[in-house]
Amino acid sequence: MGRLAMLKYAAAMLLTVQIVLTIFTITALYGGDVSPIGHSARAMLVYALPILILANAVMTIYWFIRRKWLLSLIPIITIACCIPYIGTMWQFRSLDKNANAQPGIKVATYNVCMFNRETSGFMAQDILAEMRRQNVDILCMQEYNDVSGDKKNSDSYKEYFPYMAVGREDMVIYSRYPIKGSKKVLFEDTNNSAMWADIDVKGNKIRVFNIHLQTTGINGTLHRAGKLQAQGYEIDNNRFMEAIFGNYTLGMMFRAGQAVMVANEKRSSEKPVILCGDFNDVPYSYVYNTVLGNMVDGFKECGSGWAQTFRGGKKAVRIDYIFHDEALKGLSYYKSELTYSDHYPVFMKLSFK
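Please read these numbers as outputs of a predicted model, since none were measured by experiment.

1. What about the sheet that holds strand E9 (residues 273–278)?
Sheet architecture is open: six strands sit in the order E6-E7-E8-E9-E12-E10, paired in mixed fashion. Edge strands, defined here as strands with exactly one partner in the open sheet, are strand E6 (179–186) and strand E10 (296–297).

2. Structural notes on unusual backbone geometry
A positive phi is found at Cys-113, a non-glycine position, where the angle reads about 55°. By secondary structure assignment, the location of Cys-113 is in the loop between strand E2 (105–111) and helix H6 (122–133).

3. Section: a nonpolar patch on the surface
Nonpolar side chains collect at one region of the surface, where Phe-64, Trp-69, Leu-70, Leu-73, Ile-76 and Ile-77 lie side by side and expose about 640 Å² of accessible area between them. Ranked by the residues each element gives to the nonpolar patch, the list is headed by helix H4 (residues 69–81), at five residues. Along the chain, Leu-73 falls in helix H4. On the accessibility criterion, Leu-73 (41% relative accessible area) is partly exposed.

4. Quick word on H6
Along its 12 residues, H6 runs 16 Å from first to last C-alpha, staying within 8% of the 16 Å computed at 1.5 Å per residue. Every buried residue of H6 is listed here: Met-123, Ala-124, Ile-127, Leu-128, Glu-130 and Met-131. Projected onto a plane normal to the axis of H6, the buried residues spread over an arc of 155° and lie on a single side. A positive phi of about 55° marks Asn-135, the residue just after H6.

5. A few points about the sheet that holds strand E14 (residues 346–352)
Read from one edge to the other, the open sheet built from six strands follows the order E4-E5-E3-E2-E14-E13, with strand pairing classed as mixed. Whereas interior strands pair on both sides, the edge strands pair on one side only; in this sheet they are strand E4 (163–166) and strand E13 (328–335). Strand-to-strand twist in this sheet, taken as the mean axis angle between neighbours without regard to direction, amounts to 15°. Alignment of E13 against E14, held across seven bridges, turns out to be antiparallel. Bridge pairing in E14 places Tyr-334 opposite Phe-347. Along the sheet face, H6 touches E2, strand E3 (138–142) and E14 and points at about 155° away from the line of E2.

6. Re H4
Over its 13 residues, H4 extends 19 Å from the first C-alpha to the last, a length consistent with the 18 Å expected when each residue adds 1.5 Å. Buried within H4 are the following residues: Ser-72, Pro-75 and Thr-78. Take H4 and look down its axis: the buried residues cluster within an arc of 120°, on one side only. Opposite the buried face of H4, by more than 90 degrees, sit the exposed residues Trp-69, Leu-70 and Ile-77.

About the cut-offs
Residues numbered from 1 in each chain as written. Predicted model: local features only at pLDDT ≥ 70, side-chain atom pairs only at ≥ 80, totals over all residues. Heavy atoms only, no water. Pairing = 2+ DSSP bridges. Helix = DSSP H or I, 4+ residues; strand = E, 2+ residues; numbered from the N terminus. Patch = residues over 30% accessible without salt bridge, like charges linked within 9 Å, V, L, I, M, F, W, Y side chains within 5 Å. Areas by Shrake-Rupley, 256 points an atom, 1.4 Å probe, with all protein chains shown as cover. Salt bridge = Lys/Arg side-chain N within 4 Å of Asp/Glu carboxyl O. Buried < 20%, exposed > 50% of the residue type's maximum accessible area, 1.4 Å probe, protein only. Expected span 1.5 Å × (residues − 1). Arc of directions from axis to C-beta. Axes fitted to C-alpha atoms, helices over the stretch in contact; angles between N-to-C directions. Contact = heavy atoms within 4.5 Å.

Written out as structure tokens, the structure reads:
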């Protein structure tokens, strides 16, 4: 009787775990529908979605092993509800190799991390060579400096991209087509910003947004902690975790306000919009949903494989995006594994409907 009672208790506990897991997963799927300002705990659940989906997969295997077929439906249905989210991170289709041969425009976004403050200009030139090789027509750069301050490098960019619009300090849009106007979109209490440029592509007028939203603050906290440890100071783990959580929550709130500003600016455009940039946020977050609005996520439309765009540390996440209005059609979407930054450049080929 004791053994039977223990087995029943364990089964009841696992069923409780499954129910709680399902509730958290479904709540996380809708966490991006509320602003993190005042709902930070619910908004934070979005970042745990990959772990929650994996946990549901483990529970599915467990119920299969125990031959609890009805109970296995709970995690299966939960995972099925997550398919649209999974599609923002992984696409099973293969890349269309003929897309580049089709008429259209090639857009790229790249956070170049100030070219790692490299002064010889080599990185800047190698990045330009990659843009040439990919036949990029419009390039949006974040964390940009004046091509290492070297006039020769600057001139070589202008040779390939005759037109250029500059935002606040570290933002630029390069174009092979005429830029007819531009605007800076400045965010309060931060160095991050956005910008847009109106571009005439053979008579088709489009508005291209380049945005760089507030950082998470984690890397800065880790860097400061590392410096203190190197100086012989002892780090209090509890205070360290509180600092990370506090900085991340603050960054999340900053990004929420910035996303609303970008969405409002985007809605005022009478021209079809292409929106590129480093969001510093994950798919299905409030920032992602707010900026996306009724636009098309290029990766979901025509990307393939794993959508990781950040290569710093061990964070295999997607935080760089290209969206577009429905007046345009995506032909291909992919990244290039350049290692000059903690981000990968993202490319998209589009055509006019």
